[in-house]
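So you can see what is in the structure, the chains are spelled out below.
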Amino acid sequence: MSATHQASWVGAVQRLALLVGGTVFALVLLLLVTGHDPSVALRALVRGAVGSWYAFTSATLVRAIPLALTGLCVALAFRAGLLNIGAEGQLLMGAAASAAVLGTVGASLGALALPLALLTGVAAGAAWAGVAALLRQRFGVLEVISTIMLNFVALYTVGWLVRGPLQEPTGIYPQSASLPKAVQLPLLWTGTRLHVGLVLAVLLAIGLWWWQRSTASGFRLRAVGQNPHASATIGRINVARVSVLAFLASGALAGLAGAVELTGVTFALYENLSPGYGYTAIAVALLARLHPLGVLGTAALFGALQAGGNAMQRDAAVPIALVNVVEALLILLVIAGDRLTAARSARA
Amino acid sequence: MAALSAPAERPAALALRGVTKRFGDVVALDDVSLDVRAGTVHALLGENGAGKSTLMRVAFGLLAPDGGSISLAGVPCTPPFTPRDAMARGLGMVHQHFSLVAAMTVAENVALGAAGRYDAAKVASTVRAIGDRTGLVLDPAARVGDLPVSAQQRCEIVKALARDVRVLILDEPTAVLAPDEAQALLRWVRAFADSDPSHAVVLITHKLRDALAVADDITVLRRGVRVAHGPVAQFTEASLADAMLGPGERSSRVDAEVREAHTPRAPAADQAREGRDVLHAHQVVIRDTEGITRVRDASFTVHAGEIVGLAAVEGSGQHALLRAMAGLLPVAAGRLQSPTDVAFVPEDRHRDALLLDASLTENLALRDAGRRSGQLPWRTLAERTTALLSARDVRAAGATAIARTLSGGNQQKFVLARALDDAPSALIVENPTRGLDFRATAAVHDALRAARDAGLAVLVYSSDLDEVLAVADRVLALHDGVVHEVARERDTVGRAMLGVVSDASIANTERVTFATRTPSPGASA
Amino acid sequence: MITPLDDFLAATVRTATPLALAALGECLTERSGVINIGLEGAIICGAFGATVAAGTVAATAGGALGLTAGFVIGAAAGAVIALLFALFTVWWRADQIITGTAITLFSLGLTGLLYKTVYGATGVGLTLPTLDAWAIPGLSALPVIGRALFAQPLITYALYLFVPWLAWWFARTHAGLALRATGESPDAALAAGVSPRRVQLLATVAGGTLAGLAGATLVLAQSGTFVEGMSAGKGFIAIAIVVLGRWSPRGVAAAALLFGGASALQYLFQSLGWTGVPYQLFLALPYVLTLLVLARASARSRAPAALARRELTLS
């Protein structure tokens, strides 16, 4: 056991090194193709991501929080064999639901308002995923398609909310009223923007890791994801129940990401609340090999990439879309690497 | 035999010279030669895994050999040699698992592989013409998935004949057929070879009986090596078995198997009657998950300490019946009694029994994982896995070995060992030796008998009737969703599998469960 | 006189055209056993390819040549993206759904990046020729359906011919048989001398070509410009259309019309002056409709048996 553990640690370090190397390579390549000076752009990227304590905490880590939570969402679903591509929509609905609660009854609840807002976000994310779970279980609808459709519906729902029922009092801007200090997530370090969502994400990752590894229900989730037929036949596992619960739990994590983002970063609901965290989450989860603790690492990497990407856009006029291309390329690289390894081990 | 009079100068219809094929480090075929004389039936005999199918896949261009040569009617086949080339030169192959598209019609299946426009009417008339000429009658417009197994096999052969195939390779063609159907097929094979001097048939089989009944020549493979070949007159059942299994194996193993298959089981069965009812079905009706009625009427009992064999041709409802008995499917009507600790071994171990990319410990944990709660005792599970591997002689690198890395035989031994791990009171197994070689098959049979002797109620389904007869104390025949208990006798069971059940052949029924049961003499007449 | 209904019907067919193109491509691909979730990527790349080619060629050689170049390069761009997808899934047998998702993200990012690189942040200076509707004399004067069906751009008319041709090709050519057999049972196809890999590769690239054409249509026959992310989930809607159309070309065309209609409702309600209803409702309608339709259609329809299977052959 200890030997395999050691091997997995070495493997994890190797993978991380490969990932960082692949990221830099892809970045340089794309920068050259699009006619930017890589040294200028990369310097801006590094400065924006880890150039200072403030940059590291308030740009990189602040972005890593929703990436970690949505990454856990995707990793959990994929582990259960559910291709939930809907973290983006679940995140938006989580944010919208918290905003709704805080905007209506929030003021009357005092200290309870913030936890209630987070729980509402969790519930809304789960419910939004529940639609896809229901469609899958009851009607056999491919969840990839339903969750993508639900992402669009969520986006338009938020679009309507911030121009309608939840619009700020002046009715000028398409966003909700700014949250009062009392219902904002506390900061971890004063002088930065880093909030306690980070603690939440780390605790959840550790909890999920322990749960999947040690408990019967966690094992059922993995078994169903690996082979639903054998799980039903040999394990006598209620596969439908496990799948639906996993889908709901997955959505809950994304919903929490939305609520945390709202109460910790944006303090108001608006359409572009998420710069595609839910999509980047797919890369975060896959690159972590769906390992909850690995998700923390890849989320930090992508948080740095996005923070650096913003700096690159600002200081070196490199479109932020370049970062999205790098993320997608990394997913493809990982898939290709896995296939090649599989082919090599099949031949050996 | 007509073949003996064929002129000696006529080149072999199919000739393989020194064929070698390796898969990684495994030598699947080692310098194998084979001559199929024109106008003859050539039986290629060997146990599962001996390399018969591999050799014929090389001949048909599905696998490229690592060494050796192939020629058809005296003309060498130069690489790259593909199935398309093989068919163009009159060689056709009917695989053990049919290569048919269930969703398409007979005519479409027959036409598959050609180019240009597809003229349905023209292909249909070809199908009908072949039916008139050879007796292989099929409805060209029928959807293949709706046809019974025997008709699907006809469709495979017609597919080949429509391409003007003269040399036909049949891979275990009788394995999926009831005995009467198998006889009819072998008669057809003989007639096909005799009907034209350019025709020839290679019959891949592991059944001595089939080979001796129909072949002109026999080649025996063992572990990828040709160990015997020559005209059928040179061989006896005993000498073939020796050749197939190697020295020493036959005397102990085969004799035991053969004796088992032919021994009346009255004493054992009587003993079983003393055992309590463990599995019990009374007028059971079962619908599958799609709501289709698969079992219409099943009434039978399996007692502690007996093996009951279930015989049926593919698609008779056995899939649903076994799963209902194992508590995995609800019954639509009737009464079914099955203990909660019943263990089930499904036929498709990769799909239904294993987490292929997980460790053996995790695969052990999978057993009844749906009934567990709290934390899993991984340390204990790992220890139990280790103990199980050594107790049941499963060859694996250890409890942490990934299931996928085990050989098929060891995977199956593990699956069976897991099923028996916490002393269940009943065991239900489905095609337990599919794809296993002789040794692994014998180990599985031994395990089943040991389970019986330990007092388990054992229900065995096998699509191979001979396997049912070899292990069962009593036999149930399932035809079109109806179960009959029949005398443990090849002919009787074979007929019952096709729905022919005379009163005399019924060994006993639910009404007379405790009646004295002796094989009825009328049944074999 | 042109009524709101005429406008609605015309808008239905116009919006349905790119959806039908992409869905027919996906139908072709799926019948070979490959589900190309990266269709969205092929559409957006087709749109961007068409934008660059049409803009560049039109500037020097005139609008007609520009349009031709736009459609050709758009189709080619879709084909290239599908080829990339096929490299992973058909060749390496990687998971089709995960790869498709990655390909979509890649395409959306890449086109966004290239758009900003080529045209700057605002897209100023981007002028494109457009493929205008061409009313077929006589037919377009028919009541109710005349304008909807026969006053459309040429690409729509091409579809009228393509749909029955594709149905005929599936049923009445040996290539069609080979394609369907591969999607149902690659083993059977292989045994009959058909190369499943080749079939799936060609079917995926052909599907991507049609999706690229769909992208070109979005730019050159509808919006007249390129916008980042303008595919807006149409690739996924097209996949739903294939399910609803039960993998038959005519069914797919009919399903595409239904979705075209759902998207066109906003124009109808605008012209009817229903301002009380939030417009986001209309924007969301095609996506909600997709969900409802999938719920109705998925349970009853039978997909190709080997769809999305990773192991090409079982034996």
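Residues numbered from 1 in each chain as written. Chains lettered and ligands numbered in written order. Predicted model: local features only at pLDDT ≥ 70, side-chain atom pairs only at ≥ 80, totals over all residues.

Participant: How should the overall build of chain B be read in this particular structure?
Facilitator: What chain B contains, in helices and strands, is 19 helices and 19 strands. In chain B, once contacts between residues fewer than 6 apart in sequence are set aside, the share between residues at least 24 apart is 67%. (Helix = DSSP H or I, 4+ residues; strand = E, 2+ residues; numbered from the N terminus. Contact = placed C-beta atoms within 7 Å.)

Participant: Can you help me understand the overall build of chain C in this one?
Facilitator: For chain C, the count of helices and strands is 12 helices and two strands. When the helices and strands of chain C are read in sequence order from the N terminus, they spell out α-α-α-α-β-α-β-α-α-α-α-α-α-α. Here chain C has a C-alpha radius of gyration of 19 Å; the compact-globule value for 315 residues is 20 Å, and the two agree. Considering only C-alpha atoms, chain C reaches an extent of 65 × 45 × 40 Å along its principal axes. Relative to its full complement of 315 residues, chain C shows a buried share of 59%. In chain C, the share of contacts with a sequence separation of at least 24, taken over all contacts with a separation of at least 6, comes to 79%. (Rg over C-alpha atoms; globule rule 2.2 N^0.38 Å. Buried ≥ 20, exposed ≤ 12 C-beta atoms within 10 Å, placed from the backbone.)

Participant: I would appreciate a short explanation of the interface of chain C and chain B in the present structure.
Facilitator: Where interface size is quoted, it is often the accessible area lost as the parts come together. Taken residue by residue, the interface counts 17 residues in chain C and 21 residues in chain B. When contributions to the side of chain C that touches chain B are tallied by element, the ones reaching two or more residues are α7 (174-184) and α8 (186-191) of chain C. The dominant element in the side of chain C that touches chain B, judged by the number of residues it contributes, is α7 of chain C, at six residues. Among the residues forming the side of chain C that touches chain B, the class breakdown is eight nonpolar, five polar and four charged. (Nonpolar A, V, L, I, M, F, W, Y, C, P; charged D, E, K, R; others polar.)

Participant: Just to check I follow, could you spell out helix α15 (residues 408-420) of chain B for this structure?
Facilitator: An α-helical segment advances 3.6 residues per turn. Residues three or four places apart therefore align on the same side. Residues and elements named next belong to chain B. The terminal C-alpha atoms of α15, which comprises 13 residues, lie 18 Å apart, in line with the 18 Å expected from a rise of 1.5 Å per residue. Among the 13 residues in α15, 12 count as buried, and that is most of the element. The set of residues buried in α15 consists of Gly409, Asn410, Gln411, Gln412, Lys413, Phe414, Val415, Leu416, Ala417, Arg418, Ala419 and Leu420. If you follow the buried residues of α15, they end up packed against β15 (343-345), α12 (349-352), α13 (360-366), α14 (378-391), β16 (426-430) and α16 (438-453). (Expected span 1.5 Å × (residues − 1).)

Participant: Help me understand the environment of Leu188 of chain A, please; the structure alone is not making it clear to me.
Facilitator: Note on placement: Leu188 of chain A falls in the loop between α6 (143-161) and α7 (197-214). Sequence separation of Leu188 of chain A and Val50 of chain A is 138 residues, and the distance between their C-alpha atoms is 18 Å.

Participant: Even after reading the chapter, I still don't get the interface of chain C and chain A, so can you show me in this structure?
Facilitator: Each partner contributes residues to the interface: chain C has 33 residues there, and chain A has 35 residues. For the side of chain C that touches chain A, the secondary-structure elements that each account for two or more residues are α4 (96-119), α10 (234-244) and α12 (279-300) of chain C. Ranked by residues supplied to the side of chain C that touches chain A, first place goes to α4 of chain C with 13 residues.

Participant: I'm lost on helix α1 (residues 52-59) of chain B in this one. Help?
Facilitator: With respect to burial, α1 of chain B is a largely interior element, eight of its eight residues being buried. A positive phi of about 85° marks Gly61 of chain B, the residue just after α1 of chain B.

Participant: Would you mind showing me how to read the packing of helix α3 (residues 53-79) of chain A against helix α12 (residues 292-316) of chain A here?
Facilitator: In a packed pair of helices, the relevant descriptors are the angle between the two axes and the axis-to-axis distance. Residues and elements named next belong to chain A. Contact geometry for α3 and α12: axes closest at 7 Å, N-to-C directions at 135°. In this view, α3 runs oblique relative to α12, as classed from their interaxial angle. Where α3 crosses over α12, the handedness of that crossing is right-handed. Residue-level contacts link Ala55, Ala59, Thr60, Leu61, Arg63, Ala64, Leu67, Ala68, Gly71, Leu72 and Ala75 of α3 to Pro292, Val295, Leu296, Thr298, Ala299, Ala300, Phe302, Gly303, Ala304, Gln306 and Ala307 of α12. Grouping the amino acids of the contact of α3 with α12 by side-chain chemistry returns 16 nonpolar, five polar and one charged. (Axes fitted to C-alpha atoms, helices over the stretch in contact; angles between N-to-C directions. Parallel < 35°, antiparallel > 145°, perpendicular 65-115°, else oblique. Left-handed = near helix turned anticlockwise from the far one by under 90°.)

Participant: Sorry if this is basic, but what is going on with the domain arrangement of chain B here?
Facilitator: Residue and element names in this part refer to chain B. Segmentation of chain B into domains returns domain 1 (10-90 + 166-247), domain 2 (100-163), domain 3 (263-342 + 424-524) and domain 4 (355-423). Relative placement of domain 1 and domain 2: their C-alpha centres are 25 Å apart. Taken together, the contact between domain 1 and domain 2 spans seven residues of the former and six residues of the latter. Grouping the constituent residues of the side of domain 1 that touches domain 2 by class yields six nonpolar, no polar and one charged. (Domains from an automatic or database assignment.)

Participant: What's the story with the confidence of the model for chain B in this structure? I'm lost.
Facilitator: Close inspection of predicted coordinates is inappropriate for parts of the model with low pLDDT. Residues and elements named next belong to chain B. On average, chain B scores 85 in pLDDT, and the residues at 70 or more come to 88%. The weakest mean pLDDT in chain B belongs to helix α19 (residues 521-524) at 36; the strongest belongs to α13 at 97. In the model, residues 508-525 has pLDDT below 50 throughout and makes 29 contacts with residues more than four positions away in sequence or in other chains. (pLDDT = per-residue confidence, 0-100.)

Participant: Just checking my understanding: could you explain the sheet that holds strand β5 (residues 75-76) of chain B for this structure?
Facilitator: To summarise the sheet geometry, strands pair through backbone hydrogen bonds and adopt either a parallel or an antiparallel arrangement. Residue and element names in this part refer to chain B. On the basis of which strands lie adjacent, the open sheet formed by four strands has the order β2-β1-β4-β5 and antiparallel pairing. Each edge of the open sheet is held by one strand with a lone partner, namely β2 (26-36) and β5. Pairing of strand β1 (residues 14-23) with strand β4 (residues 67-72), which is carried by five bridges, proceeds in the antiparallel orientation. The residue bridging Leu16 from the neighbouring strand is Ile70, located in β4. This element, α1, spans β1, β2 and β4 of the sheet and lies at about 115° to β1. (Pairing = 2+ DSSP bridges.)

Participant: When you look at the sheet that holds strand β7 (residues 167-171) of chain B in this model, what are you seeing that I'm missing?
Facilitator: All names here are of chain B. With mixed pairing, the six strands of this open sheet are ordered in space as β6-β7-β8-β3-β9-β10. Whereas interior strands pair on both sides, the edge strands pair on one side only; in this sheet they are β6 (91-94) and β10 (225-231). Each strand axis lies, on average, 15° off the axis of its neighbour in the sheet, ignoring direction. As judged from the five bridges shared by strand β3 (residues 41-45) and strand β8 (residues 200-205), these two strands associate in the parallel manner.

Participant: Could you clarify how one ought to interpret unusual backbone geometry in this entry?
Facilitator: Negative phi is the rule for most residues except glycine; trans is the rule for most peptide bonds. Residues and elements named next belong to chain B. Between Pro79 and the following residue, Pro80, the backbone shows a cis peptide bond with an omega angle of -5°. Looking at the element boundaries, Pro80 is found in the loop between β5 and α2 (83-88). A positive phi is found at Asp31, a non-glycine position, where the angle reads about 55°. Within the secondary structure layout, Asp31 lies in strand β2. With a phi angle near 45°, Gln283 is a residue other than glycine that sits in the positive phi range. Using a count of 14 C-beta atoms within 10 Å as the deciding quantity, one classes Gln283 as partly exposed.

Participant: Would you mind showing me how to read the confidence of the model for chain C here?
Facilitator: All names here are of chain C. For chain C, per-residue confidence averages 89 on the pLDDT scale, and 96% of positions sit at 70 or higher. Mean pLDDT across the elements of chain C bottoms out in helix α5 (residues 145-150) (83) and peaks in helix α9 (residues 196-223) (96). Reported for the predicted complex are a pTM of 0.86 and an ipTM of 0.89.

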